[in-house]
Amino acid sequence: MSGALAIAVIECHFVLDRESRSRETVPLTQLPLSRRHPAEPAPDSPSPRPGGIAARALAGAAPAAPETPYLSGLNPEQRAAVETLEGPLLVLAGAGTGKTRVLTTRIAHILATGRAYPSQILAVTFTNKAAREMKDRIGTMVGDLVEGMPWLGTFHAIGVRILRRHHELVGLKSGFTILDTDDQIRLLKQLLTAENIDDKRWPARLLAATIDGWKNRGLSPKDVPAGEGAVFANGKGGTLYAAYQARLKALNAVDFGDLLLEGIRLFRENPDVLAEYHRKFKYLLVDEYQDTNVAQYLWLRLLAQGSKNVCCVGDDDQSIYGWRGAEVDNILRFESDFPGAAVIRLERNYRSTGHILAAASHLIAHNEGRLGKTLFSEGDDGERVTVTGAWDSGEEARAIGDEIEALQRAGHPLSQIAILVRASFQMREFEDRFVTLGLPYRVIGGPRFYERAEIRDALAYLRCVNSGSDDLAFERIVNVPKRGIGDATLKQIHDVARAARVPLQDAVRVLTESEELKPKVRSTLRGLLDMFARWREQSRVLSHTELAEIVLDESGYTEMWQKDRSAEAAGRLENLKELVRSMEPFENLGGFLEHISLVMDVDNGAGEDAVQVMTLHSAKGLEFDTVFLPGWEEGLFPHQRALDDQGKAGLEEERRLAYVGITRARASARIYFASNRRIHGLWNSTLPSRFLDELPDSHVKVEESRGGMGWGGSGYGGSSYGESRFDRAGGSFGSSSYSTPGWQRAQSQREGGFNAGAGNVGAGRGGARGAHGSTHGSTHGSPPLIEGTLVASSTGAPSTFSRGERVFHVKFGYGEITGIDGNKLTVQFDKAGEKRVLETFIEKA
DNA sequence: GAGGTGGCGACCGAG
DNA sequence: TCGCCACCTC
């Protein structure tokens, strides 16, 4: 791209939902209401007089069944949660206790008993994935009826839906655009430049995060406490926030935060509008309530004041969005926020085996300030949670790849296998490996399809066609491919647009009719406008996919990449094709653009039998037979940033994330850690995660990685420990490649046997050895930890080092020991600062 | 205005 | 190590 500020946003147009519209016009008196008082015991027979919808719902479930089939499989608590329909209800549901089932069954129950139309139920989730999942599951119970639920979606999707209907009341024009994070930052950068603020010292990214934080707390510019507004850029924070909001209005745009914040404002300033929604929403349901932030809470509370039939489902142990402003307090305060609320606890776990459940419960017990739940399961103990150490991230990926292949051979469906990573950069290694193995996989989340440059460019073209006033889109593509329109010309266009208060495209028209531009530039711009006009004309007769192909072709955009000699050009062309393909299911261009502004991932390959790769965050609410949990290392998991920014609270949130990860598994949870990982391109030696120490020994099995180089492996379920690379290391690795002091120390220790020496078992060649060692070493030493032995790291044996001692580390140089924790030393290095390192990598200086 | 290069920060997580 | 951005030259 040129230096021109190219800002892209996603243009959306309101698409009338014909179905929901027509439903809403049904007079209330005709509703098939067969109301029952909540106190009344629910009859086991189906709703006595099911109306049309109810009948269809039941038919969709099981036509011939005399009983309400969807209720019969529920335990008493679940059933109570489904049938307590009137008044506020909080369902405290531990992992795997059938939370989603309760939510979906509750919705089916409301529909089946004819208490509300599908369009009168508001059901909110946090992630698109969760929304899709819920929709699918409701669909299996009530059939097509779920298609009539326009108000099932993420907070943001529903927020935008409401704003689109009442845009004029919050000062927006129809077809307003939604900025994503990228757009936001570009816009803020413009503002910072205009204000002469050094964006090195005060990065736009930081300002974006600050503003986002305010929005998460429901604060508009005027509400920001003076002291806080002053934090950014020497007191300009508040002013910049206000300026940013003004700029958004001028561009007819909102950011993600506004989708809720403006909604709150809309409701507060327009009681009649709020009243309309009160009448509309007979039942409100909220998934993952523990993750709501203040803005979401306020928004929800306003809406819930109507029917008061609000059902929130959550688990304080799974609160993992503190960084986004989530207030676990919301769930703790529910009963006072919603007077008369009923609380139902679900503690019976149906998902995981005993070992998995025990391991997860034990881990989460290390957190303070929990509501406290005791999950129990009636199933088998199953297999233990395994912990496997690998030499580096490559070996980790190989080992997991091998295990998955073995599972595949044994007949396990790949779609029931998931790899849950802490950070998305971990995914690449697995992708590489799976490509090599030819193993089908599906990345969920990750580097987002719609954030790729070529996709954003293509979308910008489509947005320009769709709307003549989308300045951000126009700016993005005016010189892509290169047309000789640079900063200077763009500034001219901007000046005209600002003076005449018209969109950029109109300004261009004015300019091309004057003599102000050089002839060449003028004809280029005129040609561009002519193209837009022609495409708009064609859009009336062509399908939107055909139009997209023509636009990409005639604009020269496809050609630009065809001519490109770089390695990734082919991939980009492929992505463009994929983009056109992904438009197919949509009715028209507007509908498509609306969709992608909120759903930044493509749900391609759904249903295909493939390994699921995703972050722990996006795995919440899902479950799989086998779950691989790689990267359990200090700094990565728990993530260093979480510890730095949030301290103990951050650690506890990380621990909850670990809990979420383990509890995704039904039958098998397999944790991995690598002793070496590349961070920012540099290889770092890492320590096994402290969470491994917190797993109960009796429910965990420690294994040696079998994915080592040169070792073929005997396949899953093979004889106990195969020969590992470590066992052969003396030959090929010991002397040449790995001759660091730490390595040699590890070697000598290995030769000394597991129980020899000062008990420094879990050290050296990192974790694999440590992990292996500790199974054997569990008889000696008794670290002050729960259930005896440590799984993977320190041994509790006295350190041979002492505080204040001068030491040397091959990577960090000289330093002084400031702390000792088992075999982990805290060292203040002269040059590298304070680090925690394994004792084995340290030499006395 | 286009294209090349060197320096620097990033890799936490959702919509 | 990679990708972005600022800066430089033509």
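Values in this document were obtained by computation on a predicted structure and should not be read as measured data.

1. A closer look at the protein's contact with DNA strand B
Of all residues adjacent to DNA strand B, which total 30 residues, the nearest are Asn128, Arg324, Arg422, Ser424 and Arg641. Take the atoms of DNA strand B that sit within 4 Å of the protein: sugar and phosphate atoms are 48% of them. Between serine 424 and DNA strand B, the recorded distance is 2.2 Å, taken from a backbone N or O atom to a phosphate oxygen. Within the side chain of histidine 617, one N or O atom sits 3.4 Å away from a sugar or linking oxygen of DNA strand B. Looking at the surface near DNA strand B element by element, the count peaks at three residues for helix H22 (residues 487-500). Residues of the surface near DNA strand B, tallied by class, amount to eight nonpolar, 14 polar and eight charged.

2. Comments concerning the packing of helix H23 (residues 504-513) against helix H24 (residues 519-539)
Relative to each other, H23 and H24 sit at 130°, their axes nearing to 9 Å. Overall, the two elements H23 and H24 adopt an arrangement that is oblique. In terms of crossing hand, the pair formed by H23 and H24 is left-handed. Where H23 abuts H24, its residues Gln505, Val508, Arg509, Thr512 and Glu513 lie against Arg522, Leu525, Arg526, Leu529, Phe532 and Arg536.

3. A few points about the packing of aromatic side chains
For the coordinates displayed, the defined rule picks out 23 aromatic pairs. Between tyrosine 289 and phenylalanine 334, the ring centres sit 5.6 Å apart and the planes meet at 90°, which makes this aromatic pair edge-to-face. On the criterion of sequence distance, the pair formed by tyrosine 289 in the loop between strand S7 (283-286) and helix H14 (294-304) and phenylalanine 334 in helix H16 (residues 334-337) is long-range, its members being 45 residues apart. Considered together, tyrosine 289 and phenylalanine 334 belong to a single accessibility category, that of buried residues. Put simply, the rings of Tyr461, Phe474, Phe532, Trp535, Tyr557 and Trp561 touch in pairs and so form one group of aromatic residues. Above the ring of tryptophan 151, the side-chain terminus of arginine 161 is found at 5.2 Å from the ring centroid. Directly above the aromatic system of tyrosine 321 lies the positively charged group of arginine 324, at a separation of 4.3 Å from the ring centroid.

4. Some thoughts on the nonpolar core
Judged by nonpolar contacts, the single largest core of 47 residues is most densely connected at Leu459 and Phe532. Sequence-distant contacts of phenylalanine 532, defined by excluding residues within four places in its chain, comprise Tyr461, Cys464, Val465, Phe474, Ile477 and Gln505. Counting residues in each nonpolar core, the second largest holds 44 residues, with Phe126, Leu163, Leu260 and Ala295 among its members.

5. Regarding the packing of helix H12 (residues 256-269) against H14
Two quantities define a packed helix pair, namely the angle between the axes and the distance from one axis to the other. At their nearest, the axes of H12 and H14 sit 9 Å apart, and the two run at 35° to each other. Crossing of H12 over H14 shows left-handed handedness. Here Leu260, Gly263, Ile264, Phe267 and Arg268 of H12 lie close against H14, whose contacting residues are Ala295, Gln296, Leu298, Trp299, Leu302 and Leu303. A class-by-class count of the residues in the contact of H12 with H14 yields eight nonpolar, two polar and one charged.

6. Looking at the state of the cysteines
Note on terminology: disulfide describes a covalent bond linking the sulfur atoms of two cysteines. All chains considered together, the criterion is met by zero disulfides. Free of any disulfide, cysteine 312 has its nearest neighbouring cysteine sulfur in cysteine 311, separated by 6.7 Å. Note on cysteine 312: relative accessible area 0%, which makes it buried.

7. Quick word on the pattern of salt bridges
Two side chains with opposite charge may pair up if their charged atoms get near one another. Going through the model one piece at a time under the given rule, you end up with 47 salt bridges. Note that arginine 666 is salt-bridged to aspartate 625, the shortest N-O span being 2.8 Å. With arginine 666 in strand S17 (residues 665-679) and aspartate 625 in strand S16 (residues 624-629), this residue pair connects regions lying 41 residues apart in the sequence. A residue is classified by how much of its surface remains accessible, and arginine 666, at 22% relative accessible area, is partly exposed. Between glutamate 634 and arginine 690 there is a salt bridge, with the nearest N and O atoms lying 2.6 Å from each other. Of this pair, glutamate 634 sits in the loop between S16 and helix H30 (640-663) while arginine 690 is found in helix H31 (residues 690-693), placing the two residues 56 residues apart along the sequence. Here the salt bridges share partners, and the residues they tie into one network are Lys99, Asp287, Glu288, Asp291 and Lys620.

8. A look at the protein's contact with DNA strand C
As a matter of local geometry, DNA strand C sits amid Lys189, His680 and Gly681. Considering DNA strand C, the proportion of its atoms within 4 Å of the protein that are sugar or phosphate atoms stands at 25%.

9. What about the confidence of the model for chain A?
The predicted model of chain A has a mean per-residue pLDDT of 77, with 77% of residues at 70 or higher. Contacts from residues 1-66, a stretch scored under 50 in pLDDT, to residues over four places away or in other chains number 145 contacts. Low pLDDT, under 50, characterises residues 707-797; the predicted model gives this stretch 172 contacts beyond four residues in sequence or across chains.

10. Re helix H7 (residues 155-165)
Of all 11 residues making up H7, eight are buried, and the element is well covered by its neighbours. Among the residues of H7, those classed as buried are Phe155, Ile158, Gly159, Val160, Ile162, Leu163, Arg164 and Arg165.

11. Some points on unusual backbone geometry
Note the cis peptide between valine 480 and proline 481, where omega equals -5°. Mapped onto the elements, proline 481 comes out in the loop between helix H21 (471-477) and H22. Geometrically, the link from phenylalanine 637 to proline 638 is a cis peptide bond, its omega value of 5° lying close to zero. Within the secondary structure, proline 638 is located in the loop between S16 and H30. Within the chain, asparagine 196 stands out as a residue other than glycine whose phi angle is a positive 60°. Relative to the assigned elements, asparagine 196 resides in the loop between helix H8 (181-194) and helix H9 (204-216). One non-glycine residue with positive phi stands out, namely asparagine 252, at about 55°. Along the chain, the position of asparagine 252 falls in the loop between helix H11 (237-250) and strand S6 (253-255). Overall, asparagine 252 belongs to the buried group, its relative accessible area being 10%.

Cut-offs applied
Each chain carries its own residue numbering, running from 1 in the written order of its sequence. Chains carry letters and ligands carry numbers; both start at the beginning, A for chains and 1 for ligands, and go up in the order they are written. Thresholds applied to this predicted model are a pLDDT of at least 70 for local features of residues and 80 or more for the giving and counting of side-chain atom pairs; totals over whole chains, interfaces and linings are not thresholded and use all residues. To obtain the side-chain values, all non-hydrogen atoms of the structure were included, while hydrogens and water were left out. Any residue with a non-hydrogen atom lying within 4 Å of a molecule or strand is treated as near it. Any N or O atom pair separated by 3.5 Å or less is treated as a polar contact, with the protein-specific requirement of one donor-capable and one acceptor-capable atom, and with residues adjacent in sequence counted only for side-chain atom pairs. Secondary structure elements follow DSSP: runs of H or I no shorter than four residues count as helices, runs of E no shorter than two count as strands, and numbering proceeds from the N terminus. In the scheme used here, Gly and all other residues not listed as nonpolar or charged are polar, with Ala, Val, Leu, Ile, Met, Phe, Trp, Tyr, Cys and Pro taken as nonpolar and Asp, Glu, Lys and Arg as charged. All axes here are fitted lines through C-alpha atoms, helices being fitted over the stretch that makes contact, and every angle between N-to-C directions spans 0 to 180 degrees. Here is the rule for angles: anything less than 35 degrees is roughly parallel, anything more than 145 is roughly antiparallel, 65 through 115 is roughly perpendicular, and the remaining ranges are oblique. By the definition used in this description, the sense in which the near helix is turned from the far one sets the handedness, with an anticlockwise turn below a right angle giving left-handed and a clockwise turn giving right-handed. In what follows, a contact means two residues having at least one pair of non-hydrogen atoms within 4.5 Å. Each Phe, Tyr or Trp ring, with Trp reduced to its six-membered ring, pairs with another whose centre is within 6.5 Å; inter-plane angles below 30 degrees give stacked pairs, above 60 give edge-to-face pairs, and intermediate values give tilted ones. The rule is simple: take the accessible area with a 1.4 Å probe, protein chains only, and divide by the maximum for that residue type; under 20% is buried, over 50% is exposed, in between is partly exposed. Think of it as a cone above the ring: NZ of Lys or CZ of Arg counts as a charge over the ring if it is within 6 Å of the ring centre and within 35 degrees of the ring normal. Here the nonpolar core consists of buried residues drawn from Ala, Val, Leu, Ile, Met, Phe, Trp, Tyr and Cys, with membership extended through side-chain atoms lying within 4.5 Å. Pairs of cysteine sulfur atoms within 2.5 Å are what we label disulfides. One speaks of a salt bridge when a side-chain nitrogen belonging to Lys or Arg is within 4 Å of a carboxyl oxygen belonging to Asp or Glu. Each residue gets a pLDDT score, which is the predictor's confidence in that residue and runs from 0 to 100.

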